[in-house]
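Observations on the three-dimensional arrangement
Below, each chain spelled out in residue letters.
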Amino acid sequence: MMTIYADREDPPWSVEWRDGQGVIRDFSGPYALRVEFLTTRTKRIFYTKTDGIAGADTSPNIVVSWAVGELADKVGKFKLRLVAKNTVTDRESIFRELSLPTLHVLPAPTAG
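I will try to describe carefully the structure that is included in this document. Since we're looking at a predicted model, the values are computed, not measured.

**Quick word on the packing of aromatic side chains**
- Counted under the stated rule, the structure contains 8 aromatic pairs.
- Considering the side-chain rings of Trp17 and Phe27, the 4.9 Å spacing of their centres and the 45 degrees angle between planes classify their relative orientation as tilted. Of the two residues, Trp17 is situated in the loop between strand 2 (13–15) and strand 3 (31–39) and Phe27 in the loop between strand 2 and strand 3; the sequence distance between them amounts to 10 residues. Per residue, the accessibility class of Trp17 equals that of Phe27, and both read buried.
- An angle of 70 degrees between the planes, with centres 5.6 Å apart, marks the rings of Phe37 and Phe78 as edge-to-face. Of this pair, Phe37 sits in strand 3 while Phe78 sits in strand 7 (residues 76–86); the two residues are 41 residues apart in sequence, bridging distant segments of the chain.

**Comments concerning the pairing of strand 7**
- Both strand 3 and strand 7 contribute to a ladder of 9 bridges, which runs antiparallel. The partner of Ala32 across the bridge, within strand 7, is Lys85.
- Of the strand pairs in this sheet, strand 7 and strand 9 (residues 102–106) are connected by 4 bridges, and their pairing is antiparallel. Across the sheet, residue Lys79 finds its bridge partner in strand 9, namely Thr102.
- In terms of strand pairing, strand 7 meets strand 8 (residues 92–94) through 3 bridges, oriented antiparallel. Directly across from Ala84, in strand 8, lies its bridge partner Ser93.
- Counting the residues that bridge the hairpin from strand 7 to strand 8 gives 5 residues, and of these Asp90 lies at a positive phi of roughly 65 degrees.

Calculation criteria
Residues numbered from 1 in each chain as written. Predicted model: local features only at pLDDT ≥ 70, side-chain atom pairs only at ≥ 80, totals over all residues. Heavy atoms only, no water. Phe/Tyr/Trp six-rings, centres within 6.5 Å; stacked < 30°, edge-to-face > 60°. Helix = DSSP H or I, 4+ residues; strand = E, 2+ residues; numbered from the N terminus. Buried < 20%, exposed > 50% of the residue type's maximum accessible area, 1.4 Å probe, protein only. Pairing = 2+ DSSP bridges.

Interpretation in functional terms is not warranted from these geometric data alone.
See below:
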């Protein structure tokens, strides 16, 4: 499980996505990448992130950066569904679909 704070500059989520033969997938193009935040109980999409996601052809081949304050109103635990959509074929792939990573977004600490 990853833990980040809603009001801080948190480290990026670096992903090494390999194909069925264990080869690093090339996401340097033509892919549109997004992260869907799913509620842990109902698995419904709560938020979709499309900015700050970079694809590459070397490891880590996807890096998701968090802007300061981006998740300020999204405190809680979420399953993260990373989706790569090939913009030529419209085919979508999901990272670790059967074992989605969990993200815990903590609120900004209160003074006192």
